[in-house]
Amino acid sequence: MDTRQLETLLAISQHGGFAAAAQAVNLTASAVSQQIAALEAEIGTQLFDRTRRPPALTTKGAEMVRSAQSILQIVSDTKASVAGEQMRGTVALGSLRTGANSLMPQALATLRASFPYLNFRLRVGVSEELMSEVVSGQLDAAVVADHVAVPSSLRWTPVLTEPLIVLTPPGTGTITLDDLIRDVPYIRYRTQVPLVRQIDTEIARLGAAPRQIVSVNTMPAVVGCVRAGLGFAIIPQIALHDAETASLDWFPFGAPPIHRRLGLVQRVTSRRAEVLAALVTALIQQGLSAEVYD
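Let us look at the structure shown here. (Residues numbered from 1 in each chain as written. Predicted model: local features only at pLDDT ≥ 70, side-chain atom pairs only at ≥ 80, totals over all residues. Heavy atoms only, no water.)

**Things to note about the overall build of the protein**
Moving on, step 1. Of the regular secondary structure elements, the protein holds 11 helices and 11 strands.
Moving on, step 2. Computed over its C-alpha atoms, the radius of gyration of the protein comes to 24 Å, more than 25% above the 19 Å expected for a compact globule of 294 residues.
Moving on, step 3. Structurally, the protein occupies a C-alpha span of about 75 × 45 × 35 Å along its principal axes.
Moving on, step 4. Taking all 294 residues of the protein together, the buried fraction comes to 45%.
Moving on, step 5. Counting contacts in the protein only where the partners sit at least 6 residues apart, residues at least 24 apart contribute 74% of the total.
Moving on, step 6. Of the roughly 14,600 Å² of accessible surface on the protein, a fraction of 51% belongs to carbon and sulfur atoms.
Moving on, step 7. Across the protein, the mean location of the 25 positive side-chain charges is 6 Å away from that of the 25 negative side-chain charges. (Helix = DSSP H or I, 4+ residues; strand = E, 2+ residues; numbered from the N terminus. Rg over C-alpha atoms; globule rule 2.2 N^0.38 Å. Buried < 20%, exposed > 50% of the residue type's maximum accessible area, 1.4 Å probe, protein only. Contact = heavy atoms within 4.5 Å. Areas by Shrake-Rupley, 256 points an atom, 1.4 Å probe, with all protein chains shown as cover. Lys, Arg positive; Asp, Glu negative; His and termini not counted. Charge placed at Lys NZ, Arg CZ, Asp CG, Glu CD.)

In structure tokens form, the structure reads like this:
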């Protein structure tokens, strides 16, 4: 398999057709067609549906494009490493919402010192979706919660253990969770994520029935509702890092206090192993610095 064939395949995918790709890679249209035909013959499958105009990628063709991106990146990284050059390219990362507010950005800022020529693409989503994209190769790695099943093809490395806390509105004063449930409305974080299931399970175990007044699907909005005095909320402590918290009090949730863990999930064999190892270290350092909030 010739890397020039893979570069041509990517050019067709990026530019939308054989003719445009020919200009981009400085080849004739017939040379582009010959390269793709040779590639198809070598792997034994059609990459393009030629009954359509312009020819469109087949399902196998789209899969081959993703593989070609990985292969060419490995080739580029290897050449740079052997030549003693700085690593270049783009690292595609994911993070659940609470990790994307502070934890991941601070870790990426740390990485810039060691990898100044790398670019980063960050996608924010829920743990299950992010893990699927790591498996498929759309993401190199992602920060996810530990209350999800990790496929055997992935490796999960814990980077942060944090408490869940009960956040109380201004002027509430010293109060227990039982008092809050009885006297103060509840601001519920409502999304399909492990954190919500963790909170709901503990509330059910306590036999409590808080009077829900607002349900929202972003953590900053939950904190904002509490700050506005609408009610109390149960949140991960990391959600306070970017909040105006001077007027807000909190105490640990659960007896004993309940924690959750965040970790970086990546493929067992990764073309970005060096960068991801440095990212794990940076995330752990950020997690340790967050302990000042405890």
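Back to the text.
**Describing the nonpolar core**
Moving on, step 1. Counting 33 residues, the largest nonpolar core has Val222, Phe232, Ile234, Ile235 and Phe253 as its most contacted members.
Moving on, step 2. Within the residue set of this core, elements represented by two or more residues are strand S6 (154-168), helix H8 (177-183), strand S7 (186-189), helix H9 (194-205), strand S8 (212-216), helix H10 (219-227) and strand S9 (233-236).
Moving on, step 3. Not counting residues within four places of it along the chain, the set of residues in contact with Val222 comprises Ile187, Tyr189, Val216, Ala233 and Ile235.
Moving on, step 4. With 24 residues, the next largest nonpolar core counts Met104, Leu108, Leu264 and Ala282 among its residues. (Core = buried A, V, L, I, M, F, W, Y, C linked by side-chain atoms within 4.5 Å.)

**Regarding H10**
Moving on, step 1. Every buried residue of H10 is listed here: Met219, Val222, Val223, Cys225 and Val226. Angularly, the buried residues of H10 cover 155° about the axis, an arc narrow enough to put them on a single face.
Moving on, step 2. Elements in contact with the buried residues of H10: helix H5 (97-101), S6, S7, H9, S8 and S9.
Moving on, step 3. Immediately downstream of H10, the backbone of Gly229 shows phi near 85°, a positive value. (Arc of directions from axis to C-beta.)

**Details of helix H6 (residues 103-114)**
Moving on, step 1. Turning to H6, its buried residues number three or more, namely Leu103, Met104, Ala107, Leu108 and Leu111. Projected onto a plane normal to the axis of H6, the buried residues spread over an arc of 115° and lie on a single side.

**Quick look at the environment of Arg188**
Moving on, step 1. By the element assignment, Arg188 lies in strand S7.
Moving on, step 2. With 43 residues separating them along the chain, Arg188 and Gly231 place their C-alpha atoms 9.6 Å apart.
Moving on, step 3. Leave out the neighbours within four places in its chain, and Arg188 touches Val196, Asp200, Gln212, Val214, Ser215 and Val216.

**Structural notes on the pattern of salt bridges**
Moving on, step 1. Per the counting criterion, the structure on display carries 12 salt bridges.
Moving on, step 2. Close ionic contact of Arg197 with Glu128 constitutes a salt bridge, the shortest N to O distance being 3.4 Å. Taken as a pair, Arg197 in helix H9 and Glu128 in helix H7 (residues 127-136) lie far apart in primary sequence, 69 residues in all.
Moving on, step 3. We classify Arg197 as partly exposed; its relative accessible area is 38%.
Moving on, step 4. In this structure Glu128 comes out as partly exposed when scored by relative accessible area, which is 32%.
Moving on, step 5. Close ionic contact of Arg182 with Asp183 constitutes a salt bridge, the shortest N to O distance being 3.1 Å.
Moving on, step 6. For Asp183, a relative accessible area of 44% corresponds to the partly exposed category. (Salt bridge = Lys/Arg side-chain N within 4 Å of Asp/Glu carboxyl O.)

**As for the pairing of S7**
Moving on, step 1. Alternating positions in S7 separate into two faces, Tyr186 and Arg188 on one and Ile187 and Tyr189 on the other, with burial throughout.
Moving on, step 2. Bridge count for S7 against S8 is 4 bridges, and the pairing is parallel. Considered in S8, the bridge of Ile187 is made with Val214.
Moving on, step 3. Viewed along the sheet, the connection from S7 through H9 into S8 turns out right-handed. (Pairing = 2+ DSSP bridges. Right-handed = clockwise from strand over helix to strand, strands pointing away.)

**Overview of the packing of aromatic side chains**
Moving on, step 1. Throughout the structure, instances matching the rule amount to 2 aromatic pairs.
Moving on, step 2. Centre to centre, the rings of Tyr186 and Phe232 are 5.1 Å apart; their planes meet at 35°, and the pair counts as tilted. Taken together, the residues Tyr186 in strand S7 and Phe232 in the loop between H10 and S9 connect sequence positions 46 residues apart.
Moving on, step 3. Since its relative accessible area comes to 4%, Tyr186 is described here as buried.
Moving on, step 4. Accessibility expressed as a relative area gives 1% for Phe232, which makes it buried. (Phe/Tyr/Trp six-rings, centres within 6.5 Å; stacked < 30°, edge-to-face > 60°.)

**Here's the deal with the packing of helix H1 (residues 3-15) against helix H3 (residues 29-43)**
Two packed helices can be described by the angle between their axes and the distance between those axes.
Moving on, step 1. Interaxial distance between H1 and H3 falls to 9 Å at its minimum, and their mutual angle equals 115°. One finds that H1 runs roughly perpendicular with respect to H3. Where H1 crosses over H3, the handedness of that crossing is left-handed. Side by side, H1 and H3 meet where Arg4, Gln5, Leu6, Thr8, Leu9 and Ile12 of the first sit next to Val32, Gln35, Ile36, Ala38, Leu39 and Glu42 of the second.
Moving on, step 2. Grouping the constituent residues of the contact of H1 with H3 by class yields 7 nonpolar, 3 polar and 2 charged. (Axes fitted to C-alpha atoms, helices over the stretch in contact; angles between N-to-C directions. Parallel < 35°, antiparallel > 145°, perpendicular 65-115°, else oblique. Left-handed = near helix turned anticlockwise from the far one by under 90°. Nonpolar A, V, L, I, M, F, W, Y, C, P; charged D, E, K, R; others polar.)

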